[in-house]
Amino acid sequence: MRLWSWLFKINGEPIFIRGGNWILSDGLLRLSKERYRTDIKFHADMNMNMIRCWGGGLAERPEFYHYCDIYGLLVWQEFWITGDVDGRGVPVSNPNGPLDHDLFLLCARDTVKLLRNHPSLALWVGGNEQVPPKDINEALNQDLRLHPYFATPSLPDWDSDPSVYLDGARVYIQGSMWDGFADGKGNFTDGPYEIQYPEDFFKDTFYKFGFNPEVGSVGMPVADTIRATMPREGWEIPLFKKGADEFVEEVPSRMWDYHKYIPYSKPGKAQLVNYIQYRALLEGWSSRMWTKYTGVLVWKNQNPWTGLRGQFYDHLLDQTASFYGCRSAAEPVHVQLNLASNFVEVVNTTSKKLSDVEIEASVWDLDGNCPYSKVFNRVSAPPKKVVKVSEFTYPKSENAKPVYFLLLKLYHVSDKKVISRNFYWLHLPGKDYTLLEPYRKKQIPLKITCDSVLVGPKFVLEITVHNTSRANDVLQEEGLLHKLFSRCGVVTADGNRGLKVVVGSDPGVAFFLRFSVHNLEREQQDTRILPVQYSDNYFSLVPGESMSFKISFAAPAGMKKSPRVVLRGWN
């Protein structure tokens, strides 16, 4: 018998949940309206639609829920029960739950009154991986019972007095793994929480149930954050020990271990792995939208301290590559490669039919050649559906390269406007990414233009990055590539714009580029300006391709010199 799971709807429209777990804004309770605004805007920028306020944290201040209202994030709100300390765990701790049950219920009722008028609030949950003690659970069930109108809206008007309901408009679930979440029975059926083979996320065997309230992976911050938050002895990556079975074990320092580090095997490439892991996680769930899954919540979105795992942005508010992997995978209309079946898919989570579109798939090797290009014509995707388009056959070709790049573009036929763009770095079965290391020696030429506007204390930048290299050999069909290589390859900059030319002579993909913004007046080692909103980051450009980006940030108080925008990349 297949277990049921919750399906969320807004105004009658089913919503496929792709969200994450929220711990706490700040471990020292330095709570502020501005921090909340940035936090919630970051979640909206990642295309998430739900935040779970985890039971091991707290009910945040009203400003948190205000910005969830503004940016359209549903809130799963838990009360302060967690299996870590309330009746579960090894050894079992605090079997009777909170020490003062009356005080707990007083606080719970106060919290409901504080938050119940926020439209972002979606449901109440008794606890994390645990249910409240019997007396508290029964009291919450009674206090948070649904008004008859919401329980059976098709019936005539009821005489029931709304004022006798503490909320009445939202369901109460006794625990995060009960009644339609995980296995629905309270068994530990959330997770896993460590690094995975990306293709496994797409397999039917990866997770059994329809809604996973917690699944996570790695989440290292950038190196600048390590240096800014740890003494010098914490800057070293783990040692590597190879066993008799050839397995390489990471041995992190005590400092990294204390900060909850999860092994990568090659932490020097952490951001590459971050991007792959979280894009694959969300693409894998999206691939089975409605046919198996109704939602997933990542463990976890952010850290209330300087932790080294489970985060899309760090405590200093610098986004990791996983932020942009998530942003790509969770876009409303998305083209993706199913890494298990090797089929190109279109995920349409919107309420509108997608028609008159095409998909272009192009492969780029490490020598700057394009040995494969395919246009999939006459693609359409019904609303709220996943469409399997066609198999990606390049890995089966006779002369397929062991490591290659794949660029997928979904675009309107009429004007060639790109709806979704997705860039992969892949290897053939049985191979690995070793060849990416010497690819660092390539010198790919770029042309960068920048328009900047200062609005009060806020900078708004429009930056275009153009890979000016020319491919050695391009296999073209009538599509975007044909348009790209039939036009003039020289771009001239407007005289009123900032222009930067990166000198290089090698053809090829400009791989894994990342913007950062810096204050030149700072004397300390960490010169970053944070937070910064990027329309995209950690991106790659094939030969001849250009992309435009919007970057916005507030200038630090008293800064007299213009900030510096830095673009780093693999090559």
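Residues numbered from 1 in each chain as written. Predicted model: local features only at pLDDT ≥ 70, side-chain atom pairs only at ≥ 80, totals over all residues. Heavy atoms only, no water.

**A short note on the overall build of the protein chain**
The helix and strand tally for the protein chain stands at 10 helices and 26 strands. Of all 571 residues assigned to the protein chain, the portion counted as buried reaches 52%. Counted over contacts in the protein chain with a minimum sequence separation of 6, partners at least 24 positions apart contribute 72%. Surface exposure of the protein chain reaches about 26200 Å², of which carbon and sulfur atoms provide 53%. Between the averaged position of the 66 positive side-chain charges in the protein chain and that of its 65 negative side-chain charges there is a distance of 5 Å. (Helix = DSSP H or I, 4+ residues; strand = E, 2+ residues; numbered from the N terminus. Buried < 20%, exposed > 50% of the residue type's maximum accessible area, 1.4 Å probe, protein only. Contact = heavy atoms within 4.5 Å. Areas by Shrake-Rupley, 256 points an atom, 1.4 Å probe, with all protein chains shown as cover. Lys, Arg positive; Asp, Glu negative; His and termini not counted. Charge placed at Lys NZ, Arg CZ, Asp CG, Glu CD.)

**Observations regarding the UniProt feature "domain: Exo-beta-D-glucosaminidase Ig-fold" (unreviewed entry) in the protein chain**
Mapped onto the present numbering, the UniProt feature "domain: Exo-beta-D-glucosaminidase Ig-fold" (unreviewed entry) falls on residues 508–571. The span residues 508–571 shows a helical share of 0% and a strand share of 44%, and its end C-alpha atoms are spaced 10 Å apart. (UniProt positions renumbered as here; feature names shortened; annotations may be inferred.)

**Considerations on the packing of helix α1 (residues 33–45) against helix α2 (residues 62–71)**
Here α1 crosses α2 at 35°, and the two axes come no closer than 9 Å. Considering only the axes of α1 and α2, their crossing is right-handed. For the pair formed by α1 and α2, the contact residues are Lys 33, Tyr 36, Arg 37, Ile 40, Lys 41 and Ala 44 on the first element and Glu 63, Phe 64, Tyr 67, Cys 68 and Tyr 71 on the second. When grouped by side-chain class, the residues that make up the contact of α1 with α2 number seven nonpolar, no polar and four charged. (Axes fitted to C-alpha atoms, helices over the stretch in contact; angles between N-to-C directions. Left-handed = near helix turned anticlockwise from the far one by under 90°. Nonpolar A, V, L, I, M, F, W, Y, C, P; charged D, E, K, R; others polar.)

**Quick look at the layout of surface pockets**
A volume near 1400 Å³ is recorded for the largest pocket. Lining the largest pocket are 40 residues, and of these Tyr 197, Pro 198, His 427, Asp 432 and Tyr 433 sit closest to its centre. For the lining of the largest pocket, the secondary-structure elements that each account for two or more residues are β10 (248–251), α8 (270–287) and β18 (418–427). Tallied by class, residues from the lining of the largest pocket come to 24 nonpolar, six polar and 10 charged. (1 Å grid on protein atoms, 1.4 Å probe; cavity = no way out; pocket = protein on both sides within 12 Å on 5 of 7 lines; lining within 4 Å. Points joined across faces, edges and corners; volume = space filled by probe spheres on them.)

**Considering the environment of Gly 219**
Mapped onto the fold, Gly 219 is located in the loop between β8 (211–215) and α6 (223–229). Considering only alpha carbons, one finds Gly 219 and Tyr 36, 183 residues apart in sequence, at a separation of 21 Å. Excluding anything up to four places from it in sequence, Gly 219 contacts Tyr 264, Asn 274, Leu 308, Arg 309, Gly 310 and Gln 311.

**Let's talk about the UniProt feature "domain: Glycoside hydrolase family 2 catalytic" (unreviewed entry) in the protein chain**
Under the local residue numbering, the UniProt record ascribes the feature "domain: Glycoside hydrolase family 2 catalytic" (unreviewed entry) to residues 7–137. As annotated, residues 7–137 comprises 32% helix and 20% strand, and the C-alpha atoms at either end are separated by 23 Å.

**Focus: the sheet that holds strand β20 (residues 458–467)**
Spatially, β21-β19-β20-β25-β23 is the arrangement adopted by the five strands of the open sheet, whose pairing is antiparallel. The open sheet has two edge strands with one neighbour each: β21 (498–502) and β23 (533–534). (Pairing = 2+ DSSP bridges.)

**A closer look at empty space enclosed by the protein**
Inspection of every chain in the model, using the stated rule, returns two cavities of 30 Å³ or more. Roughly 50 Å³ of volume is contained in the largest cavity. Tallied by class, residues from the lining of the largest cavity come to five nonpolar, six polar and one charged. Counted as a void, the second largest cavity has a volume near 30 Å³. In terms of lining residues, the second largest cavity is bounded by Asp 318, Arg 514, Ser 516, Val 517, Arg 528, Ile 529, Leu 530, Val 532 and Tyr 534. The element best represented in the lining of the second largest cavity is strand β22 (residues 510–518), accounting for three residues. Classifying every residue of the lining of the second largest cavity gives five nonpolar, one polar and three charged.

**Looking at the pairing of strand β12 (residues 333–337)**
Regular strands show a simple pattern: their side chains alternate between the two faces of the sheet. Among the five residues in β12, five count as buried, and that is most of the element. With burial as the criterion, each face of β12 is covered, one bearing Val 333, Val 335 and Leu 337 and the other bearing His 334 and Gln 336. Turn length for the β12-strand β13 (residues 343–348) hairpin, with the two strands adjacent in sequence and antiparallel, is five residues, and the turn residue Asn 342 shows positive phi of about 65°.

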